[in-house]
Amino acid sequence: MANILVYALQYEGAFNKNSLGAVSEAAKLAAEIGGEAHAIVVGQGVSDDLAGTLGNYGATKVLNVEGPEGLAQPVVDAMAAAVAAGDYGYAIFGGGLLGFEVGAGLAARLDAGVAMEITAVRADGGKLVAERPILGDSAISQISFRSDVGIIISRLNAFEIKETGGTAAVESLSVEFSPFSGQATMITRGEQRGADVDIEGADVLIAGGRGLGAEEGFELCEALATAFGGNSAVAATRAVVDAGWFPYAGQIGQTGKTVAPKLYLAAGISGAIQHKVGMQGAENIVAINKDANAPIFEFSDLGIVGDLNKIMPKLTEAVKAKKGA
Amino acid sequence: MKICVLVKEVPDAAVQKKIDPSTGRMDRSGEKNLNPYDTHAIEAAMQLKESGAMAVDEVVAVTMGPDSAERALHKAVSLGADRSIHLADDSLAGSDVAATGYALSKVLEKEAPDLVLLGQQSDDGECYTIGAVVADHLEFPSLTQVIKIDVEGGTKLRAERQAEYGYDTVEINLPAVISVGDAINEPRYPSLKAIMGAKKKPLDKVSAADSGIDAAKVGGDNSAAQWTGSSEPPKKEAGRIIEDEDTAETVDQIVAWLDERKLI
Ligand SMILES: Cc1cc2nc3c(=O)[nH]c(=O)nc-3n(C[C@H](O)[C@H](O)[C@H](O)COP(=O)(O)OP(=O)(O)OC[C@H]3O[C@@H](n4cnc5c(N)ncnc54)[C@H](O)[C@@H]3O)c2cc1C
């Protein structure tokens, strides 16, 4: 019998949605392989009440660890300590960024196999098999583990959150952190660069990427969004947010927002997996890209191969005209 | 001080990538190139060296891969690395992420770098976790996806990166492992002279045994994550593609398409 350990990322008193999905998934899988799902929380003064809420997603036990927040290596230390003291066959992480870093570090620490970008997990003969889409999602690899602990890092939004109404026993676990994990210190966390734009509630999103060429390129997106009017907004990729062209609050993807508008229109966006995971729920996907081989065309409903600088202004005029008609 | 930059040879972006159906491994034949994300790591090393922010004596490019991977090292050296190390051994073929990170860490251990830099991800395997694996083996602090590095007092870095709640600023004492995001810099192009001279710079070819790698921990058969099969994802209906030749006509087609779906 083996239990499943889930890392539950929390920030400012709330658990990350992807962590909750991972807890739900682990509870389902644990039942199938005859074990329990346990969660581990690492933070400064996380209350047992908050930790205990993970019971509502299927965790039967929560290990509450006092330690630094937002950095991966202290969590590796904590999870390695939990694995040493318990009976765990698998560790599961929700998608994001820290989960990837912690999962990989834990694999090194435990000499364990790690599978990442996992979109589905199934139980087979008391063991877990993870499914990973590869080659731009054109094929799916099945991965199993031969190590004592198998590490599964999911893709963003891979697992559904299910409330069970259950409760969990909360235990505090004291961890001796390794000297090197103390060599990194968080100075500021979660800084919101740029204006507070709202993209989650929009019906129409005009998203811009590096292909806009410069910060000013976003004027083309703003103009088109204005032409659509109503509930429309402008969004962006990490590449342009990192470059300071657009506010972080408007970023779609793995370390940004997840959106599901009626219409998502991409201008100068390549369609990287880390972007796709945040917008593939859109009802209609339109992409303008000058490269006919851009990955975004693989998942667009309408793809326009061409120069956005030529197309966007004319499209804006045409949408305005249509609306006026 | 010494900076080691981990680099990788990947199939050229223009090459259609495919999987060998009998092993589940990437078919790595065909035209290859230095992973484009790695050029940002080399550039970051060069900027630390050239700005004098750190007293860098040496930038060393390190790779693991088959014989052809030598070309990725030549490219790395043409971009400024002083020398390079090629870990090549048949026993390493098919290693998973954990085994690859372990093997690279053994090479790095011998080099005793003050800073290990790498790119944000590999262009082929869509993997971005090697840095965390290497760091744990080396027992160095680490951070991935870093888009700004400032040196403080020569032995401490102040790094910025975007994580799931916004931008984090983290102070890290050296030695450390840092993967850099592609927004950190604009990599330079190698000069013709640098390209010509690249083959003359020292390139050490080392085996698994030379590096003290435990053979039982590497290679496809010994990797702890095992590929056991593959399947096809559910087919999505292919979208419609318009090649923009006459923009007025293109725009009419877009508007008609949107109108049919009541999106305007
Ligand atoms: C751990 C991790 C997390 C990440 N999280 C996110 C995330 O949350 N969100 C996110 O978006 N990304 C994320 N990324 C980054 C992601 O991998 C891509 O690098 C990024 O999405 C690329 O942004 P882009 O499409 O704007 O730029 P590029 O990939 O550079 O694409 C630009 C596109 O513009 C096209 N183009 C150029 N000029 C024109 C023109 N004149 N007309 C038409 N088309 C043109 C080009 O053909 C190209 O396809 C993450 C990466 C990692 C490793």
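Just so it is clear, the model here is predicted, and its values are computed rather than measured. Positions within a chain are numbered from 1, following the residues in the order the chain's sequence is written. All chains are assigned letters beginning with A, and all ligands numbers beginning with 1, in the order in which they are written. Per-residue local features are limited, in this predicted model, to residues with pLDDT of at least 70; the limit for side-chain atom pairs, both in listing and counting, is 80 or more; totals at the level of whole chains, interfaces and linings are taken over all residues. The basis for every side-chain value is the complete set of non-hydrogen atoms in the structure, without hydrogens or water.

**Topic: the overall build of chain B**
- We count a stretch as a helix when DSSP gives it H or I for four or more residues in a row; a strand needs E for two or more, and each element gets its number in order from the N terminus. Of the regular secondary structure elements, chain B holds six helices and 13 strands.
- If one aligns the C-alpha atoms of chain B with their principal axes, the spans along those axes are about 65 × 45 × 40 Å.
- The contact criterion used is simple: two residues touch if any of their non-hydrogen atoms lie within 4.5 Å. Taking the contacts inside chain B whose residues are at least 6 apart along the sequence as the reference set, 72% of them involve residues at least 24 apart.
- Residues scored as positive are Lys and Arg, those scored as negative are Asp and Glu, and His as well as the terminal groups of each chain are ignored. By convention, the point assigned to a charge is CZ for Arg, NZ for Lys, CD for Glu and CG for Asp. Charge centroids of chain B, computed over 29 positive and 46 negative side chains, lie 3 Å from each other.

**Notes on the sheet that holds strand β18 (residues 302-305) of chain A**
- By definition, two strands form a pair when at least two bridges between them are found by DSSP. Read from one edge to the other, the open sheet built from six strands follows the order β15(A)-β14(A)-β16(A)-β17(A)-β18(A)-β13(B), with strand pairing classed as parallel. Two strands in the sheet have a free side with no partner beyond their single neighbour: β15 (232-236) of chain A together with β13 (240-243) of chain B. Across this sheet, the average inter-strand angle for adjacent strands is 15 degrees, counted without regard to direction.
- Note: strand β17 (residues 284-289) of chain A against β18(A), four bridges, orientation parallel. Bridge pairing links A:Ala287 to A:Gly303 in β18(A).
- To obtain an axis, a line is fitted to C-alpha atoms, over the contacting stretch when the element is a helix, and the angle between two such axes runs from 0 to 180 degrees between their N-to-C directions. Along the sheet, helix α6 (residues 247-260) of chain B makes contact with β16 (263-267), β17 and β18 of chain A together with β13 of chain B, crossing β13(B) at roughly 160 degrees.

**Here's the deal with unusual backbone geometry**
Residue and element names in this part refer to chain B.
- Leu174 connects to Pro175 through a cis peptide bond whose omega is 0 degrees.
- One non-glycine residue, Ala112, adopts positive backbone phi at about 45 degrees.
- Relative accessibility thresholds used throughout: buried, under 20% of the residue-type maximum; exposed, over 50%; partly exposed, between the two (1.4 Å probe, protein chains only). The exposure class of Ala112 is exposed, given its relative accessible area of 54%.
- One non-glycine residue, Gln145, lies in positive phi territory at about 60 degrees.
- Since its relative accessible area comes to 6%, Gln145 is described here as buried.

**Some points on the confidence of the model for chain B**
- Per-residue pLDDT for chain B has a mean of 93; in total, 93% of the residues score no lower than 70.
- The ipTM assigned to the predicted complex is 0.96, against a pTM of 0.96. Per-residue confidence from the predictor is reported as pLDDT, a score between 0 and 100.

**Here's the deal with the nonpolar core**
- What we call a nonpolar core is a set of buried Ala, Val, Leu, Ile, Met, Phe, Trp, Tyr and Cys residues that are connected through their side-chain atoms within 4.5 Å. Formed by 67 residues in total, the largest nonpolar core has its most connected members in A:Ile40, A:Met79, A:Phe93, A:Ile151, B:Leu6 and B:Val62.
- If we skip the residues at most four places from it in the chain, A:Phe93 touches A:Tyr7, A:Ala22, A:Met79, A:Gly99, A:Val102, A:Gly103, A:Leu106, A:Ile151, A:Ile152, A:Ile153 and A:Ser154.

**Notes on a negative patch on the surface**
Residue and element names in this part refer to chain B.
- Residues form patches when they are more than 30% accessible in relative terms and have no salt bridge. Like charges link within 9 Å. Nonpolar side chains (Val, Leu, Ile, Met, Phe, Trp, Tyr) link within 5 Å. The method behind every accessible area is Shrake-Rupley, applied with a 1.4 Å probe, and residues are considered shielded solely by the protein chains displayed. Throughout this description, the term salt bridge denotes a Lys or Arg side-chain nitrogen within 4 Å of a carboxyl oxygen of Asp or Glu. Where like charges cluster on the molecular surface, the negative patch consists of Glu243, Glu245, Asp246, Glu249 and Asp252.
- When you line up the elements, Glu243 lands in strand β13.
- The partly exposed category is assigned to Glu243, whose relative accessible area is 48%.

**A look at the interface of chain A and chain B**
- The interface of chain A with chain B comprises 82 residues on the first partner and 76 residues on the second.
- The quantity reported as buried area is the accessible area (1.4 Å probe) lost by two parts once they are put together, taken as the sum for both. A buried area of about 7,000 Å², summed over both sides, lies between chain A and chain B, and 56% of it is on carbon and sulfur atoms.
- Three residues, A:Leu135, A:Arg146 and A:Leu302, lead the burial of chain A against chain B; their summed loss comes to 8% of the area buried on that side.
- Linking chain A with chain B are six salt bridges, by the criterion used here.
- Between B:Asp182 and A:Arg210 there is a salt bridge, with its nearest N and O atoms 3.0 Å apart.
- Any N or O atom pair separated by 3.5 Å or less is treated as a polar contact, with the protein-specific requirement of one donor-capable and one acceptor-capable atom, and with residues adjacent in sequence counted only for side-chain atom pairs. The interface formed by chain A and chain B holds 42 residue pairs in polar contact (both at pLDDT 80 or more) in total.
- Residues were grouped as follows: Ala, Val, Leu, Ile, Met, Phe, Trp, Tyr, Cys and Pro as nonpolar; Asp, Glu, Lys and Arg as charged; and all remaining residues, including Gly, as polar. Of the residues that constitute the side of chain A that touches chain B, the class distribution is 38 nonpolar, 25 polar and 19 charged.
- When strand β10 (residues 139-145) of chain A meets strand β12 (residues 225-231) of chain B, the two strands line up antiparallel, connected through six bridges. For A:Gln142, the partnering residue across the bridge sits in β12(B) and is B:Gly229.

**Re the site of the ligand**
All names here are of chain A.
- Whether a residue is near a molecule or strand is decided by its heavy atoms; if any one of them lies within 4 Å of it, the residue is near. Neighbouring the ligand are 29 residues, the closest being Thr237, Ile252, Ser270, Gln274 and Asn289.
- A distance of 2.8 Å separates an oxygen atom of the ligand from a polar side-chain atom of Gln251.
- Breaking the shell around the ligand down by element, the ones donating at least two residues are α6 (238-242), α7 (273-276) and α8 (308-324).
- For the shell around the ligand, a count of residues per class yields seven nonpolar, 17 polar and five charged.

**Let's talk about the packing of helix α5 (residues 218-228) of chain A against α8(A)**
Residue and element names in this part refer to chain A.
- At their nearest, the axes of α5 and α8 sit 8 Å apart, and the two run at 15 degrees to each other. Taken together, the axes of α5 and α8 lie roughly parallel to each other. As α5 runs across α8, the sense of the crossing is left-handed. Touching Leu220, Cys221, Ala223, Leu224, Ala227 and Phe228 of α5 are Leu308, Asn309, Met312, Pro313, Leu315, Thr316, Val319, Lys320 and Lys323, all from α8.
- Within the contact of α5 with α8, the residues separate by chemical class into 11 nonpolar, two polar and two charged. When describing relative orientation, an angle under 35 degrees is termed roughly parallel and one over 145 degrees roughly antiparallel, while 65 to 115 degrees is termed roughly perpendicular and anything else oblique. By the definition used in this description, the sense in which the near helix is turned from the far one sets the handedness, with an anticlockwise turn below a right angle giving left-handed and a clockwise turn giving right-handed.

**Here's the deal with the sheet that holds β10(A)**
- Taking strand neighbours across the sheet as the criterion, the four strands line up as β8(A)-β9(A)-β10(A)-β12(B) in an open arrangement whose pairing is antiparallel. The outermost strands of the open sheet, each flanked by one partner alone, are β8 (120-124) of chain A together with β12 of chain B. Across the sheet, the mean angle from the axis of one strand to that of its neighbour is 30 degrees, orientation sign disregarded.
- Most of the contacts of helix α1 (residues 17-33) of chain A go to β8(A), to which it runs at about 15 degrees, and overall it touches β8 and β9 (127-134) of chain A.

**As for a nonpolar patch on the surface**
- A cluster of nonpolar side chains, B:Leu192, B:Ile195 and B:Met196, forms an exposed patch at the surface whose accessible area comes to about 350 Å².
- Residue position: B:Met196 is located in helix α5 (residues 192-197).

**Topic: helix α4 (residues 130-138) of chain B**
Residues and elements named next belong to chain B.
- Across the nine residues that make up α4, a large majority, eight, are buried.
- For α4, every residue scored as buried is listed here: Ile130, Gly131, Ala132, Val133, Val134, Ala135, Asp136 and Leu138.
- Directly after α4, the chain includes Glu139, whose backbone phi takes a positive value near 60 degrees.

**As for the side chain of B:Arg161**
- Structurally, B:Arg161 can be placed in strand β8 (residues 156-163).
- Of the polar contacts made by the side chain of B:Arg161, one reaches the side chain of A:Glu101; its length is 2.9 Å.
- Only 3.0 Å separates the side chain of B:Arg161 from the backbone oxygen of B:Thr144, close enough to count as a polar contact.
- Other than its neighbours up to four places away in sequence, B:Arg161 contacts A:Gly70, A:Leu97, A:Leu98, A:Glu101, B:Leu143, B:Thr144, B:Gln145, B:Val146, B:Ile147, B:Gly166, B:Tyr167 and B:Asp168.

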